[in-house]
Amino acid sequence: MIEKVIKRDGRIEDFCPDKMNRWAKWSIKEINNGLVDWSEIVVEVMKQLDNTVTSRELQEKLINVCLEKETWSYSLVAGKLYATLMQKDIHGKKIPTLKEKHNQLIEQGLMIDLGYSDDEYNRLENVINHDIDLSYPHYTLIIMREKYALKNVITNQEFETPQFSIMRVAMDVGRYARPYVDDVVEFVTDFYNAISKRKINIPTPYWVNCGTSLRGFASCCVFESGDSAESLDAGKLIAGKMTQSSAGIGGHIVTRSINDGVRGGKISHLGKLPCYNAVAHVMKEFTQQGRGGAATMYFSAFDPEIKDLQALKNPMTPLDKQNRMMDYGIIYNDYFVNAVKNDEMIALYSYQQAPHLYWSQFSKDENAYLRELAMLKNAEIEPKEYIRAQEVLANTLTEAFETGRSYEFNATNVNKHTPFKQPIKSSNLCAEISLPTRYYDRVLDLYREDDSVNGEVALCNIGGIVYPNIESDEDLEKVSELILWLVDFGVNSSTYILPHIGYTAKKRMSAGIGVVGLAECLAKNDLTFSSKEGKTFIHDLFEKHYWFLTKASLKLSKKLGVAEWMHKTKWIDGWLPIDTYNKNVDGIANELHYDWDSLRKEIIENGGIRNSVLVAHMPAETSSISSATTNGVYPIRTSFIMKKVGKLTMRYIVPYSDVYDYESAWDINQKDMIDCYAVMQKWTDQAISLDEFFDVSKNDAKININELMKLWLYRQKMGLKTHYYTNTKTSGTDNLEIKTDNQDDECESCKL
């Protein structure tokens, strides 16, 4: 039984049960009635503590006992208690003003002067509301304190609580928008409210770099290397420098195969593995949030090295044929899909043998690959090998099922459903980005800033809209515009170590804004992924998502101009996703709710919009923590998960899981899940980090390769572009541990 309490200043007081009860009433205020039993918490705490305790020990024990209940409501109580403790730890007895805090950070060298006047600071002081911290669940406060707040990592001195971090981001974006808006304080206020009320979700680089001298905001980087020593060197440089700039990497190395001749046959080529090893090692030289960079490398299904490439990640592969420092994705087209369907052999030509055949797999002309094959046959150029298409696919699916991480890129579907005129040839780390790339011929080309260079690295700035917290269409209209302002700020305010990457990024202005919290939206409306009504709801939500982002981009273009390379897209001709989506989706849902024809006319009259693309759906594992919602577009796996982010481990509770009835990913037929993804893809000009979920924990659970192939064929039929994780549940327990760092190999940005 507690008798004495030692206060922060060292004073010792008698324990006061009445004070504890008042604290109890305050902490459970506004929490759903009947879902929190404070008296039970107090009893447990009293049992576990000694006669004399510090006030901190008492508060921490209350927090821990609440967390051990593993429910949403108790997580909110724990958050409220933790928020007061955190504010005292960082600020002492009194929270400083915004101006005082910024002056302190500037003196410490952690922040730059953002150019706001004293009057503007006074107005913003009336906006910032530290009581909002009290409404966040415990894990949101932890991630924001430990991962996003500015601090001295050498001395471990902390400076920011969440609202200061949020205002710092809003003010830096406001500084960029100042010349274009009537009242910068109103703009910053809107932006601050959108983040603090968890309506928009922003990537890690913005949290850690906004307001500082670090100007790296790029989220996703996709590069290509060509078949020359100089081009391969350029690719390595891109991978290293963009890792240094906080981006996750997607790579596509277009080079000859093992034993192909080099220098007229004087040297035998060593194949792709040494090229991958070189990229991996240069990336690991740089750290992102305390660990090395991460990449996914993409290779063709028609590569003569296909069997070895598919096994690079497998721990059973001989060490000299492994590279487990990266993830890998297979590129295929409709020709491959048909060969799988008809159980046919495919020809494996090296890039050196048939460069035109290689590039034709990315052609928007569906017959191009067949024509090139016919030309090779007529010229009597024999492939390196023939192999059953089903064998290649079986290896991919088996690898995915066993390791969870064998990704896919359907070049035909990607290049059909896109506003880009140029071919798209690979994706990024998490398989949601689909943008044009072209290899650089020389390293020096990366340091130029003009159109004379043929190369292009694809950069995409991502973000998310947290739909459970969107209150109305008017709210969504404002939020859509704000998040595209964030993208504009990110592209134009970044410092590009390699100038030509910045040059093309500013010409393209590519955005990838995803839906965050879909599972919560469905549960909130008493719907499921499996039901017809749920799929219709998803269709309508994603149509709304694309509509308001397109309108926002159109509006921004009237202030800032259309993207300079708009002529390299079909937007100038009035392209819309309803023109090129896979029509098989119509069997799931097809009713439109907006006047797309009128919008098309506006776009044509305006000469396009501000952004070359608008939508990509990223994993958002970390964002489900910072925004206190479900991750991305996925169903939940369980209501309680121990989530690891770097060195942090948090008790993540699905929002309102003690109120709403959620459908578990393990209970969803995967064909239904594919239907949901297909509906999303209709309204997605880029791609989706598409996950599959298989429960093999039951004794009678059997999933054979034929079943996986049928699901794979159905994905292709429904127009899906990429594939990310294959998740398997191998035990009956729901108490899962999830690493949001993709086993330490996922980019900070894709996670948001």
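Owing to the predicted nature of the structure, the values given are computational and were not obtained by experimental measurement. (Residues numbered from 1 in each chain as written. Predicted model: local features only at pLDDT ≥ 70, side-chain atom pairs only at ≥ 80, totals over all residues. Heavy atoms only, no water.)

A. Focus on the overall build of the protein. Looking only at helices and strands, one finds 27 helices and 25 strands in the protein. The C-alpha atoms of the protein give 27 Å as radius of gyration, which agrees with the globular expectation for 752 residues (27 Å, within 12%). Projected onto its principal axes, the C-alpha coordinates of the protein cover approximately 95 × 65 × 55 Å. Taking all 752 residues of the protein together, 61% fall into the buried category. (Helix = DSSP H or I, 4+ residues; strand = E, 2+ residues; numbered from the N terminus. Rg over C-alpha atoms; globule rule 2.2 N^0.38 Å. Buried < 20%, exposed > 50% of the residue type's maximum accessible area, 1.4 Å probe, protein only.)

B. Representation of the pairing of strand 18 (residues 458-466). Most of strand 18 sits out of view: nine of its nine residues are buried. Burial along strand 18 is two-sided: Ala 458, Cys 460, Ile 462, Gly 464 and Val 466 and Leu 459, Asn 461, Gly 463 and Ile 465, pointing in opposite directions, are all buried. As defined by bridge partners, strand 6 (residues 200-201) adjoins strand 18 across two bridges and the pair is classed as antiparallel. Each residue of the ladder has a partner; that of Asn 201, found in strand 18, is Gly 464. Direction of pairing for strand 7 (residues 220-225) relative to strand 18: antiparallel, over a ladder of three bridges. Bridging from a neighbouring strand, Cys 220 pairs with Cys 460 of strand 18. As judged from the six bridges shared by strand 18 and strand 19 (residues 511-516), these two strands associate in the parallel manner. Bridge assignment links Gly 464 to a residue of strand 19, and that residue is Gly 514. (Pairing = 2+ DSSP bridges.)

C. Representation of helix 22 (residues 532-560). The end-to-end C-alpha distance of helix 22, which contains 29 residues, comes to 42 Å, matching closely the 42 Å that a straight helix rising 1.5 Å per residue would cover. Backbone geometry just downstream of helix 22 places Gly 561 in the positive-phi region, at approximately 95°. (Expected span 1.5 Å × (residues − 1).)

D. Structural detail: the environment of Thr 396. If you trace the backbone, Thr 396 turns up in helix 17 (residues 389-403). Taking the C-alpha atoms as reference points, Thr 396 and Tyr 407, 11 residues apart in sequence, are found 8.3 Å from one another. In this structure Thr 396 touches Gln 310, Ile 330, Ser 406 and Glu 408, once residues within four positions along its chain are discounted. (Contact = heavy atoms within 4.5 Å.)

E. Spotlight on the nonpolar core. Counting residues in hydrophobic clusters, the biggest one holds 224 residues, and the most contacted among them are Phe 191, Ile 238, Phe 336, Leu 518 and Tyr 677. In this structure, Phe 191 is in contact with Val 169, Ala 170, Val 173, Ile 200, Leu 482 and Leu 486, ignoring residues within four places of it in sequence. Formed by 25 residues, the second largest nonpolar core is a distinct cluster that contains Ile 331, Phe 409, Ile 433 and Ala 620. (Core = buried A, V, L, I, M, F, W, Y, C linked by side-chain atoms within 4.5 Å.)

F. Here's a closer look at the confidence of the model for the protein. In this model, the protein carries a mean pLDDT of 93, and residues with pLDDT of at least 70 account for 96%. Per-residue pLDDT stays below 50 along residues 734-744; that stretch engages in 43 contacts with residues further than four places along the chain or on separate chains. (pLDDT = per-residue confidence, 0-100.)

G. Focus on the packing of aromatic side chains. In total, this model carries 42 aromatic pairs according to the counting rule given. Note on Tyr 180 and Trp 485: the rings are 6.1 Å apart at their centroids and 40° apart in plane angle, and the pair reads as tilted. In this pair, Tyr 180 is assigned in the loop between helix 8 (162-177) and helix 9 (184-196) and Trp 485 in helix 19 (residues 473-493), connecting sequence segments 305 residues apart. The class of Tyr 180 is partly exposed, set by a relative accessible area of 36%. What makes Trp 485 buried here is its relative accessible area of 1%. Three or more aromatic residues joined by ring pairs form one cluster here, namely Tyr 176, Tyr 180, Phe 187, Phe 191, Tyr 206, Phe 217, Trp 485 and Phe 489. (Phe/Tyr/Trp six-rings, centres within 6.5 Å; stacked < 30°, edge-to-face > 60°.)

H. Quick look at the pairing of strand 21 (residues 648-653). Taken together, the six bridges between strand 20 (residues 640-645) and strand 21 define a ladder with antiparallel strand orientation. The partner of Phe 640 across the bridge, within strand 21, is Ile 653. Here strand 20 folds back onto strand 21 in antiparallel fashion, the turn holding two residues, of which Gly 646 has a positive phi close to 60°.

I. How the structure looks around empty space enclosed by the protein. Applying the stated rule across the entire model yields 10 cavities of 30 Å³ or more. By volume, the largest cavity is sized at about 120 Å³. Taken together, 17 residues make up the lining of the largest cavity; nearest its centre are Phe 302, Tyr 349, Ser 350, Tyr 351 and Tyr 358. When its residues are assigned to classes, the lining of the largest cavity shows 10 nonpolar, five polar and two charged. Here the second largest cavity defines a volume of roughly 90 Å³. (1 Å grid on protein atoms, 1.4 Å probe; cavity = no way out; pocket = protein on both sides within 12 Å on 5 of 7 lines; lining within 4 Å. Points joined across faces, edges and corners; volume = space filled by probe spheres on them. Nonpolar A, V, L, I, M, F, W, Y, C, P; charged D, E, K, R; others polar.)

J. Geometry of unusual backbone geometry. For Glu 70, which is not glycine, the phi torsion reads 55° and is therefore positive. With respect to the secondary-structure elements, Glu 70 resides in the loop between helix 3 (55-68) and helix 4 (72-91). Backbone geometry places Met 509, a non-glycine residue, at a positive phi of 55°. Among the residues examined, Met 509 registers a relative accessible area of 0% and is labelled buried.

K. Fine view of the side chain of Ser 55. In this fold, Ser 55 is placed in helix 3. In contact with Ser 55, other than residues within four places in its own chain, are Val 5, Ile 6, Lys 7 and Arg 8.

L. Inspection of the sheet that holds strand 2 (residues 12-14) at higher detail. Read from one edge of the open sheet, three strands run 2-1-3, paired in mixed fashion. Pairing within the sheet leaves two strands with one partner each, and these edge strands are strand 2 and strand 3 (52-54). Each strand of the sheet is rotated relative to its neighbour by a mean of 30°, with strand direction disregarded. Note that strand 1 (residues 4-6) and strand 3 share three bridges and pair parallel. When the sheet's bridge partners are listed, Val 5 is paired in strand 3 with Val 53. Where helix 3 meets the sheet, it contacts strand 1 and strand 3, and its direction lies at approximately 80° from that of strand 3. (Axes fitted to C-alpha atoms, helices over the stretch in contact; angles between N-to-C directions.)

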